[in-house]
Amino acid sequence: MPSSKFRFALRSLYRQKLYTLLNLGGLAIGLAVAITVSIYLNAEFNFDKHWPNYENIYRVNSSFYLNGTEEEYGGSGSGLASLMKEFYPEIEEATHFFSFENSVYFHSDSVKGYENELLVADANFFKVFNCHFLEGEADSSLTAERSIVISQSFARKYFGSKPALGQTLNTSNFEYQVRGVFEDIPDNTHHNFNAVISEPRVASDTLSLAVSLWQVSHYTFLKVPSALEAQNVEANFDQFFNRYMAGMADAVQAEYRVKLQQISDIHFNTNPGFDAIGGSLIYVYGFAGIGLLVLVLAIINYVNMATARSLRRIREAAMRKVLGASEGDIQLMILVESTILSLLALLLAFALVEIGTKVLPLTNAIDKDLQLNFKRDAYLWWLPLVLSIFVGIISGLYPALSLSKVSPLDAFSNKKGLQRQNNIPRKLLVGFQVAVSVTVVITAFFMYQQMDFIKNRNLGFNPNDVILITAQDTNSVMHLQEIRANIAQSDYVESVAMGASVTGRGAYRGIFEAETEANKGFQRHSLDFLRVSRDYLKTMQIDLLQGRSFLTEDEQDSSFSYAIVNQSLVEFMGWEQPIGKKLNTSFNERGEAMLKAVVVGVAEDFNAHSLHTKVGPLVLLLSKERSRVLHVKVDPNNIYVALDDLERRWTSMVPNAPFQFSFLSRDLLELYTEEMRQSRLILYLTIIAIFISILGFVGLASFTTGLRTREIGIRRLLGAGRLQMVNIVFKELLWVMLIGVLIAVPLAIHITQLWLANFAFHTEIKAPIIVGTAVITLLIGYGIVALHSLAIAKNNSVDSWRDA
Amino acid sequence: MIKLHNLTKIYQAQGVETRALSEVDLTVKKGEFVSIMGPSGCGKTTLLNIIGLLDSYNEGLFVFNDTNVSDLSERQKLKLRKEKIGFVFQNFNLIDDLTVSENIELPLHYLGYAAQDRRQRVLEVLEMVGMGHRRDFFPYQLSGGQQQKVAVGRAIIAKPSLILADEPTGNLDSTQGNEIMEMLSRLNDQGTTLIMVTHSSHDASYSQRIVRIMDGQVVSEKKVLHAQF
Ligand SMILES: Nc1ncnc2c1ncn2[C@@H]1O[C@H](COP(=O)(O)OP(=O)(O)OP(=O)(O)O)[C@@H](O)[C@H]1O
Ligand SMILES: [Mg+2]
């Protein structure tokens, strides 16, 4: 009996191929989206939970209090880890590390390449982060200088299948010994790493140790027995502060506190300053919502179509009853069929996820590891399985109940489907689908518009035709001045500016003493600043409003320098006469300013940070310190010739260091990777939502026209025009779509506003787009209805009224 | 086997009362072959449906195999129907998604036969109705006559004691119609009671008795004289 039920069910599905395909496809896509989103969510919500003892690992965050304002950082000073371990007996292990901002050039005997996600850590690193070691000893792996511990895939890349332990890896400056190989760590790690390099040993005196505690340069992690100890450490920090930090507190006029953050909490609660990029709960919930919505849409469709189809089986059910089927027999039959179908949809969904993640570059497109890994994530099979059985049952429930109640007499009657009464809930559901699709389409549109806006926005400086050359190693850093001079001589180079960071990607923040207008002496402020060289304004094409630019003779090695401030800073300080104002910074442990500068010019405001933030007060400090980056403005007509020339000049100066460059305009777009990923994701979801909604609408249209097949046939026979017939049906569906659109528009506007609020600079919501989307939706609906009615009118004009 | 006394059926639709059957008296003995004839709309199908326990009646007495039908629950009626009654219809009413043998087999499913017994019985019936060579065909691949043979096969598979046929030849040409009539009368010869609704006096001539109905009332009953053949 079960096997024949199965066979009948499959056959009945096979006989209605198109219907089955649509129905199955719709549900499969919905399930596939839900599965993919759940993989994504699972990764997001389990950040750093793969560490065996993640509940006991805490990061030490720093809070500085200055002028009554609090500044929070994810990082802390380099001396903190060892001092805290010494001071607090309850701390089991402590480590600190910092991560390379740039990629590093590595080469083994045969292989070379650039590597990202490198950490430099103290010897205790693997005592806190329990990686699984495949080669070498975790505890001793970082004790020797110039040691490197690499991930399995890193090892494979450079050493193939040979053991990596004991091999050497070279960068442009140093030679490292491989002291260990660990199993790759999952992507959902906040401070992700492919390799860890042992920290160079520096003899540190107490004074520099004390200074280091006030400078955020490292990430400090502690391992404690339980949350209680973590609280204790935080609560008793006063004693630590009094012992090690109070001495300098007066000099810098600031307070300092630590906050311990459990490692798995970091991802969604990153600190405003000095932290790796984290996740955003709003987006995660947003995607969860959209995924759920797509799934619900798909289920609604599925249930709708299954119901519509089953109503055509009234005669069959009645006949079965004549032949002796009980209500239970009919119910079982329908439920088995619908469950089989939904299980088939599940299989298809898994196939779709595989295709999406393996064949199509979906994983790349949204920058996440979205593998279907049943072994690692068992929920991936049982949850969808339960869900699809559930869908099978609910989709079969109404048909099963209604068909089992059919009177055997209906076997002889002319009823072919249920009457209108059932149509209203179906219409509402389709209205809901229209609402969702229109919402998603409008939102996606504005997201893309915002991305476009970012690409084309006037930043206050001109990133076009600016090539960035970043010195990666000490040798090139040391010779950067000369390299700059050399490059500036190239015929293809218009100007070169040297600096400590890439323009537009953020600024340093430091404490400044700024002279007040009213001669009330100095005020302390925490201000953004950039260290730049003399041709900076020219290279970046930033307008000068007052005073002068930097001059060649300004560039001297001394504790006295020059500054150009932006318009916002002038307003912030309330300066009437900005030129000649004094700015002091770089305070030593006695609170003395090591760098004194005088303002020589005022520049137009420009976006030193990403467009997420407003332009604030900014100081451009003429300073060679920490210079690493060359901004090279090249002749736009000869960019590639210029690049060749730059490389030739670079190599002639520092032959051992690889010539690495990038385009500033492209680098700036990286600031918006998260948003771009979101807009891509929403695009995919939009396509899927539209597809599913069209499916649903086709279902409703065919249901509605199906109910009126007879009427349409007869009207046609009596001479009704084609358009008139389409209109009859469309009128019935029009209000469904209108309600959908009416719900969608305010919703879309609201969501878009929320999203755009992330940007201090953003586009406007434009009415024509919204109206256009609504009109197009109605047109598509009309088209579907037209196709249906016309097909019916053409094919069955005689049959439809004769034996309907 | 069947005894109807003063049986009345009233339909209530759109406020209009239709007396489809009015005080019908009818007795059908075991092994009999009765034809029911009458103009369209006179209540033939209604009568057959009531006899087949598919429909209810408003007044009167209906005794089936010495049981008063009004005493039976729905469940008991279902049981009685699936064990004792087979149906044949004018428009065959086969299930499109099932093959010939599956259609024939269907009643056995609902009687809870074991797979082995079902198969055996289906083979026998296929042989009886001469559809063995089409056993894996679907209804739409068969002619009307063939479909009706399958329907007859389905009606007899559970070895019912009563077969109800509503215009079984109505959609068939005369050759196919005759084949079906031969088949039904063979069944009757083997002891199955048969009640058939028909418009054709030729078909009626296969039966032993013709009951004429007009406006829901039995107007005449007469024996068929087989000597005429
Ligand atoms: N479900 C129903 N609701 C209301 N009236 C009905 C219903 N079914 C049948 N009738 C009425 O009952 C009467 C008898 O119908 P029935 O189907 O028994 O006729 P019939 O003799 O089988 O006709 P035909 O030879 O055309 O098949 C008719 O007047 C019909 O209109
Ligand atoms: Mg009839």
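Residues numbered from 1 in each chain as written. Chains lettered and ligands numbered in written order. Predicted model: local features only at pLDDT ≥ 70, side-chain atom pairs only at ≥ 80, totals over all residues. Heavy atoms only, no water.

(A) Main features of the site of ligand 1. All names here are of chain B. Close contacts around ligand 1 come from 13 residues, with Ser40, Gly41, Lys44, Thr45 and Thr46 the closest. In the model, an oxygen atom of ligand 1 is placed 2.5 Å from a nitrogen or oxygen of the Ser40 side chain. Between ligand 1 and the protein, one listed contact pairs an oxygen atom with a side-chain N or O atom of Thr45 at 2.5 Å. Those elements giving two or more residues to the shell around ligand 1 turn out to be strand S1 (2-13), strand S2 (16-28) and helix H1 (44-51). Considering every element that reaches the shell around ligand 1, the biggest residue donor is H1, with three residues. Split by residue class, the shell around ligand 1 holds four nonpolar, seven polar and two charged. (Near = heavy atom within 4 Å. Polar contact = N/O pair within 3.5 Å; in protein donor to acceptor, adjacent residues only side chain to side chain. Helix = DSSP H or I, 4+ residues; strand = E, 2+ residues; numbered from the N terminus. Nonpolar A, V, L, I, M, F, W, Y, C, P; charged D, E, K, R; others polar.)

(B) Looking closely at helix H2 (residues 74-84) of chain B. Within the span of H2(B), buried status applies to B:Lys77, B:Leu78, B:Leu80, B:Arg81 and B:Lys82. Contacts from the buried residues of H2(B) go to helix H10 (314-322) of chain A together with strand S4 (59-64), strand S6 (85-88) and helix H3 (100-111) of chain B. (Buried < 20%, exposed > 50% of the residue type's maximum accessible area, 1.4 Å probe, protein only. Contact = heavy atoms within 4.5 Å.)

(C) The nonpolar core, seen in detail. Ranked by internal contacts, the top residues of the largest apolar core, which has 58 residues, are A:Phe461, A:Tyr536, A:Ile542, A:Phe606, A:Leu620 and A:Leu664. Ranked by the residues each element gives to this core, the list is headed by helix H9 (residues 281-311) of chain A, at eight residues. In contact with A:Leu664, not counting residues within four places along its chain, are A:Phe461, A:Pro463, A:Val466, A:Leu468, A:Val502, A:Thr503, A:Met540 and A:His631. Among the nonpolar cores identified, the runner-up in size contains 49 residues, and A:Val322, B:Ile51, B:Leu72 and B:Leu164 belong to it. (Core = buried A, V, L, I, M, F, W, Y, C linked by side-chain atoms within 4.5 Å.)

(D) Up close: the packing of aromatic side chains. Applying the stated criterion across every chain yields a total of 48 aromatic pairs over all chains. Relative to A:Phe193, the ring of A:Phe125 has its centre 5.2 Å away and its plane inclined at 80°; by these criteria the two rings are edge-to-face. With A:Phe125 in helix H4 (residues 125-128) and A:Phe193 in the loop between strand S10 (175-182) and strand S11 (195-198), this pair connects stretches of sequence that are 68 residues apart. Judged on exposure class, the residue A:Phe125 and its partner A:Phe193 are both buried. With a centroid separation of 5.5 Å and 75° between ring planes, the pair formed by A:Phe560 and A:Tyr562 is classed as edge-to-face. An aromatic cluster is defined as three or more aromatic residues linked by ring pairs; in this entry it consists of A:Trp51, A:Phe97, A:Phe125, A:Phe126, A:Phe129, A:Phe133, A:Phe182, A:Phe193, A:Tyr219 and A:Phe221. Residue placement shows A:Arg146 over the ring face of A:Phe174; its charged tip is 3.8 Å from the ring centre. One cation-aromatic arrangement involves B:Arg134 over B:Phe137; the distance from NZ or CZ to the ring centre is 4.8 Å. (Phe/Tyr/Trp six-rings, centres within 6.5 Å; stacked < 30°, edge-to-face > 60°. Lys NZ or Arg CZ within 6 Å of the ring centre and 35° of its normal.)

(E) View of the sheet that holds strand S5 (residues 67-68) of chain B. Residue and element names in this part refer to chain B. If you trace the four strands from one edge of the open sheet to the other, you get S2-S1-S4-S5, paired in antiparallel fashion. At either margin of the open sheet sits one strand with a lone partner, and together these are S2 and S5. Pairing between S1 and S4: five bridges, direction antiparallel. Note that in S4 the partner of His5 across the bridge is Leu61. With respect to the sheet, H1 is in contact with S1, S2 and S4, its orientation differing from that of S1 by roughly 120°. (Pairing = 2+ DSSP bridges. Axes fitted to C-alpha atoms, helices over the stretch in contact; angles between N-to-C directions.)

(F) Seen up close, the sheet that holds strand S7 (residues 162-166) of chain B. Residues and elements named next belong to chain B. In spatial order, the strands read S6-S7-S8-S3-S9-S10; together these six strands make up an open sheet with mixed pairing. Looking at strand neighbours, the two that pair on one side only are S6 and strand S10 (217-223), the edges of this open sheet. Taking the axes of each pair of neighbouring strands and ignoring which way they run, one obtains an average angle of 20° across the sheet. When strand S3 (residues 33-37) meets strand S8 (residues 193-197), the two strands line up parallel, connected through four bridges. Bridged to Ser35 within S8 is Met196. Of the strands in this sheet, S6 and S7 are in contact with helix H5 (residues 144-156), which crosses S6 at around 170°.

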